[in-house]
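Results of the structural survey
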Amino acid sequence: MIFEHHPSPSRRGIRSAFLIVLALGAVLAATAMVGVFGEQLSAAWPQGTPPQGAPGQGSPGSAGSDGGRTTGDATVFDDEVAAVANLDPELRDALQRAATDAAGEDLVFLVNSGWRSAEYQDELLRDAVVEYGSEAEAARWVATADTSPHVQGDAVDLGPFDATYWLSQHGAAYGLCQIYANESWHFELRPEAVEDGCPDLYADPTEDPRMQR
Ligand SMILES: [Zn+2]
């Protein structure tokens, strides 16, 4: 029971231990915050660098050099972005008219993907085969460069959900139609839809005769 005769060193010891625990706690908290932050950063830029076509990487007149890669923050009015600039002008016009009307309901039409170069489409298809494990399954989601309406500038993938939902309700009046049941974000121009309404959906692209080569 020696320590009972030396209460102050013992208390100092307790105080020191307490301070060490506090310091450790602070270090742990800081580490956790860096971890969370790092994760958010790597989620935003999975490769650690901004994707090709990020704002500021292009220059006027370079439309096409990024192959139509987008960062998802371009609207249907951003025709300095190749993905938008190289769309069929009638499709782009219809999108801009619809977006103008939807803006009254505080909706913004973002272009997640529009025109794509054949090289970029090939890259997406290769990625999809890896992701889905087979060419057959990948074909349900990604067309070849020869068949994709995106490469022709005839298709656009829009977001966010409230914008695509608005278009699913009102798009036909502008000739803008969803084509595939499994792609609620993919729209193409069907001018006859203004009179007749949009055609029936294909379950997925493999049912689309255009995808047969
Ligand atoms: Zn699409």
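What counts, and at which threshold
- Residues numbered from 1 in each chain as written.
- Predicted model: local features only at pLDDT ≥ 70, side-chain atom pairs only at ≥ 80, totals over all residues.
- Heavy atoms only, no water.
- Phe/Tyr/Trp six-rings, centres within 6.5 Å; stacked < 30°, edge-to-face > 60°.
- Helix = DSSP H or I, 4+ residues; strand = E, 2+ residues; numbered from the N terminus.
- Donors = N, O, S within 2.8 Å, 3.2 Å for Na, K, Ca; no water.
- Buried < 20%, exposed > 50% of the residue type's maximum accessible area, 1.4 Å probe, protein only.
- Pairing = 2+ DSSP bridges.
- Disulfide = S-S within 2.5 Å.
- Expected span 1.5 Å × (residues − 1).
- Axes fitted to C-alpha atoms, helices over the stretch in contact; angles between N-to-C directions.
- Core = buried A, V, L, I, M, F, W, Y, C linked by side-chain atoms within 4.5 Å.
- Contact = heavy atoms within 4.5 Å.
- Arc of directions from axis to C-beta.
- Salt bridge = Lys/Arg side-chain N within 4 Å of Asp/Glu carboxyl O.

Moving on: the packing of aromatic side chains. Applying the stated rule across the entire model yields 5 aromatic pairs. Between tyrosine 180 and tyrosine 202 the ring centres are 6.2 Å apart and the planes differ by 35 degrees, which places this aromatic pair in the tilted class. In this pair, tyrosine 180 is assigned in the loop between strand 3 (176-178) and strand 4 (186-189) and tyrosine 202 in the segment after helix 7 (193-196), connecting sequence segments 22 residues apart. An aromatic cluster of at least three residues, connected via ring pairs, comprises Phe109, Trp166 and Tyr174.

Ligation of the zinc ion by protein atoms is provided by His150 (NE2), Asp157 (OD) and His186 (ND1), these donors lying 2.0 to 2.1 Å from the ion. Linear spacing of the donor residues for the zinc ion on their chain is H-x6-D-x28-H.

Now for the pairing of strand 4. Judged by which residues are buried, strand 4 turns out to be covered on both faces: His186 and Glu188 on one side and Phe187 and Leu189 on the other are all buried. Two strands pair when backbone bridges link them, and strand 2 (residues 155-159) and strand 4 are joined in this way by 3 bridges, in the antiparallel orientation. From the neighbouring strand, alanine 155 faces strand 4, where its bridge partner is glutamate 188.

According to the stated counting rule, one finds 1 disulfide in the structure shown. Between the sulfur of cysteine 177 and that of cysteine 198 lies a disulfide, 2.0 Å long from S to S. An S-S torsion of about -90 degrees defines the bridge between cysteine 177 and cysteine 198 as left-handed. Within this pair, whereas cysteine 177 is found in strand 3, its partner cysteine 198 is found in the segment after helix 7, the two being separated by 21 residues in sequence. The class of cysteine 177 is buried, set by a relative accessible area of 0%. Cysteine 198 sits in the partly exposed class, given a relative accessible area of 32%.

Along its 15 residues, helix 3 (residues 89-103) runs 21 Å from first to last C-alpha, staying within 8% of the 21 Å computed at 1.5 Å per residue. Within the span of helix 3, buried status applies to Leu91, Arg92, Ala94, Leu95, Gln96, Ala98, Ala99 and Ala102.

Let us now look at the sheet that holds strand 1 (residues 110-113). The 4 strands are arranged 1-2-4-3 in an open sheet whose pairing can be described as antiparallel. Whereas interior strands pair on both sides, the edge strands pair on one side only; in this sheet they are strand 1 and strand 3. Between one strand axis and the next, the sheet turns through 45 degrees on average, direction left out of account. Of the strand pairs in this sheet, strand 3 and strand 4 are connected by 3 bridges, and their pairing is antiparallel. Residue pairing across strands places leucine 176 opposite leucine 189, the latter belonging to strand 4.

A few words on the nonpolar core. Formed by 21 residues in total, the largest nonpolar core has its most connected members in Leu95, Phe109, Leu158, Trp166, Leu167 and Leu176. The biggest single contributor to this core is helix 3, with 6 residues. Apart from residues no more than four positions distant in its own chain, tryptophan 166 is found in contact with Ala98, Asp101, Ala102, Glu105, Leu107, Phe109, Gly171 and Tyr174. Counting residues in each nonpolar core, the second largest holds 6 residues, with Cys177, Tyr180, Ala193 and Met211 among its members.

This paragraph deals with helix 6 (residues 161-170). Burial in helix 6 covers these residues: Ala163, Thr164, Trp166 and Leu167. Angular distribution of buried residues about the axis of helix 6 spans 155 degrees; they occupy a single face of the element. Looking at the buried residues of helix 6, the elements they touch are helix 3, strand 2, strand 3 and strand 4.

Counted according to the given criterion, the structure contains 8 salt bridges. In this structure, aspartate 93 and arginine 97 form a salt bridge, with 3.2 Å as the shortest nitrogen-oxygen distance. Taken together, the residues span about one helical turn, with aspartate 93 and arginine 97 both in helix 3 at a distance of 4 residues. According to the relative accessible area criterion, arginine 97 is partly exposed, its value standing at 41%.

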